[in-house]
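Fold and contact review
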Amino acid sequence: MSPGVALQLEPRQQVLFVSDLHLLEDGDALTTRFLDWLSQSLQAYKPHWLMLLGDVFEAWVGDDVLQDSQDWPRLRALLQQHHQAGLQIGLVHGNRDFLLGQGFCQSVGARLLPDPFVLTQANGQRWLVSHGDGYCTDDLAYQKFRQMVRDPKWQADFLGQPLATRQAQARALREQSQQEKHQKDMAIMDVNPQAVDQAILAHGAQGMIHGHTHRPGVYQTPAGYERWVLTDWSIDPPRQGGLLLGESRPTVI
Ligand code: LP5
Ligand code: MN
């Protein structure tokens, strides 16, 4: 069980989930589209929580990006403004932004949540919520890499390097990842159904919500639970959206 984090929704409270935006910079077309969509969605649905379920950024090399260049002005202003008006913002690490830390969270009013965590609806239904990469257990090369970069010692060493060095390494790794993805079998880049069921059962949950795989939809697990997968975002081809969870089943928006 994830220590200390179990979120309980009250009647009429809603959660808006988004993930896999892969934002590059504040002024670009995708970021503008996302921020416009987010602003409209927050106004339309008035959720209690906004859950940023990982890979918000194309590659995050450390929170000092913010101090050095006052980066992401519109994104930060929008999140801050809504947080101050009462919106709870949760953030789960993705495989591209696992280095988001307290500096970023404080600058937008977000709370870093463990992966996975349990979210309970007002009716008692428990959902296991995750970025999703941890359940792609057949992708052995990725899991080995994941274990390396989630190690605090590795992270401290990486963050100890100059910003430009880190950015160059991140670019090289993105290229390597794109090349490897062409060669990997599609099946190994999806979640392993047994790993999903095992986690759902271990947390006493009755379903899972995740991103990462870029295969949006609702799937049934071998044990008969629902697994809701968020869309990734892209300008061309156009893909966007999120999931809204209130008192009933999730809704795609
Ligand atoms: O992200 P996506 O969708 O392309 O693919 C993921 C997996 N790839 C990754 C890597 C990220 O794309 C890049 C992360 C940038 C983070 C920046 C900060 C840290 C920089 C660290 C610099 C060392 O997560 C991909 C999965 C795919 O999802 C589907 O699940 O298959 O996995 C990989 O491509 C990993 C490779 O298979 C193994 C990589 C071994 C690299 C060994 C370290 C070499 C260091 C090189 C530094 C220049
Ligand atoms: Mn991902």
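Nothing here was measured: the structure is a model prediction, and the numbers come from that model.

A closer look at the side chain of His-93
Relative to the helices and strands, His-93 resides in the loop between strand S4 (88-91) and helix H4 (102-108). A distance of 3.4 Å separates the side chain of His-93 from the backbone oxygen of Phe-98, its partner in a polar contact. In this structure the side chain of His-93 is engaged in a polar contact, spanning 2.7 Å, whose partner is the backbone oxygen of Leu-100. Look past the residues within four positions of His-93 in its chain and what remains in contact with it is Gly-54, Phe-98, Leu-100, Leu-112, Asp-115, His-131 and Arg-150.

Focus: the environment of Lys-181
Of note, Lys-181 is situated in helix H7 (residues 163-183). Lys-181 sits 85 residues away from Arg-96 along the chain, and the two C-alpha atoms are 15 Å apart. With residues up to four places along the chain from it excluded, the contact list for Lys-181 reads Met-189 and His-214.

Some points on the sheet that holds strand S1 (residues 6-8)
Read from one edge of the open sheet, six strands run S1-S6-S7-S8-S10-S9, paired in mixed fashion. Of all the strands in the sheet, the pair left with one neighbour each is S1 and strand S9 (217-220). Across the sheet, the mean angle separating the axes of adjacent strands is 25° when strand polarity is ignored. Note that S1 and strand S6 (residues 117-120) share three bridges and pair parallel. Looking across to S6, one finds that Ala-6 is bridged to Val-118. Relative to strand S8 (residues 207-210), helix H8 (residues 193-202) is tilted by about 115°, and along the sheet it contacts strand S7 (126-130), S8 and strand S10 (226-229).

What about the site of ligand 1?
Neighbouring ligand 1 are 23 residues; Asp-139, Arg-174, Glu-180, Lys-181 and Lys-184 lie closest to it. In the environment of ligand 1, an oxygen atom lies 2.7 Å from a nitrogen or oxygen atom belonging to the side chain of Arg-174. Between an oxygen atom of ligand 1 and a side-chain N or O atom of His-212, the distance comes to 2.8 Å. For ligand 1, the accessible surface in isolation is 1,000 Å², of which the surrounding protein chains cover 87%.

Quick look at the pairing of S6
On a regular strand, each side chain points to the face opposite its neighbour's, so the side chains alternate between the two faces of the sheet. Across the two faces of S6 the burial is the same, with Phe-117 and Leu-119 and Val-118 and Thr-120 all buried. By the bridge criterion, four bridges tie S6 to S7 in an arrangement that is antiparallel. Each residue of the ladder has a partner; that of Val-118, found in S7, is Leu-128. Taken together, S6 and the strand that follows it, S7, pair antiparallel across an intervening segment of five residues, in which Gly-124 is found at a positive phi of about 100°.

Some details on the sheet that holds strand S2 (residues 15-18)
Ordered by their spatial adjacency, six strands build an open sheet running S5-S4-S3-S2-S11-S12, and the pairing between neighbours is mixed. On the outer flanks of this sheet lie strand S5 (110-112) and strand S12 (251-252), each paired with one strand and no other. Pairing analysis gives two bridges linking strand S11 (residues 243-245) to S12, with the strands arranged antiparallel. Directly across from Leu-243, in S12, lies its bridge partner Val-252. Across the sheet, helix H1 (residues 29-45) lies against S2, strand S3 (49-52) and S11, angled at about 165° from S2, the strand it touches most.

With respect to the environment of Val-15
Considering the arrangement of structural elements, one finds Val-15 in strand S2. Distance from Val-15 to Tyr-219, taken between C-alpha atoms, is 20 Å for residues 204 residues apart in sequence. If we skip the residues at most four places from it in the chain, Val-15 touches Leu-9, Pro-47, Trp-49, Met-51, Leu-119, Leu-243, Leu-244 and Leu-245.

Quick look at unusual backbone geometry
Look at the link from Asp-115 to Pro-116: it is a cis peptide, with omega at 0°. Along the polypeptide, Pro-116 turns up in the loop between S5 and S6. Following Asp-236, the chain continues into Pro-237 via a peptide bond in cis, with omega recorded as 0°. For Pro-237, the location among the structural elements is in the loop between S10 and S11. Notably, Arg-12 is not glycine yet its phi reads approximately 75°, a positive angle.

Some thoughts on the layout of surface pockets
Unfilled space is identified by rolling a water-sized probe across the atoms. Estimated volume of the largest pocket: approximately 860 Å³. In terms of lining, the largest pocket is formed by 32 residues, of which the most central are Asn-95, Tyr-142, Phe-145, Arg-174 and Ser-177. Taken together, the elements giving at least two residues each to the lining of the largest pocket come down to helix H5 (140-149), helix H6 (152-159) and H7. No other element matches the eight residues that H7 contributes to the lining of the largest pocket. Here the lining of the largest pocket is built from residues that sort into 17 nonpolar, seven polar and eight charged.

Cut-off values and rules
Residues numbered from 1 in each chain as written. Chains lettered and ligands numbered in written order. Predicted model: local features only at pLDDT ≥ 70, side-chain atom pairs only at ≥ 80, totals over all residues. Heavy atoms only, no water. Helix = DSSP H or I, 4+ residues; strand = E, 2+ residues; numbered from the N terminus. Polar contact = N/O pair within 3.5 Å; in protein donor to acceptor, adjacent residues only side chain to side chain. Contact = heavy atoms within 4.5 Å. Pairing = 2+ DSSP bridges. Axes fitted to C-alpha atoms, helices over the stretch in contact; angles between N-to-C directions. Near = heavy atom within 4 Å. Areas by Shrake-Rupley, 256 points an atom, 1.4 Å probe, with all protein chains shown as cover. Buried < 20%, exposed > 50% of the residue type's maximum accessible area, 1.4 Å probe, protein only. 1 Å grid on protein atoms, 1.4 Å probe; cavity = no way out; pocket = protein on both sides within 12 Å on 5 of 7 lines; lining within 4 Å. Points joined across faces, edges and corners; volume = space filled by probe spheres on them. Nonpolar A, V, L, I, M, F, W, Y, C, P; charged D, E, K, R; others polar.

What is shown is where atoms sit, not what they do.
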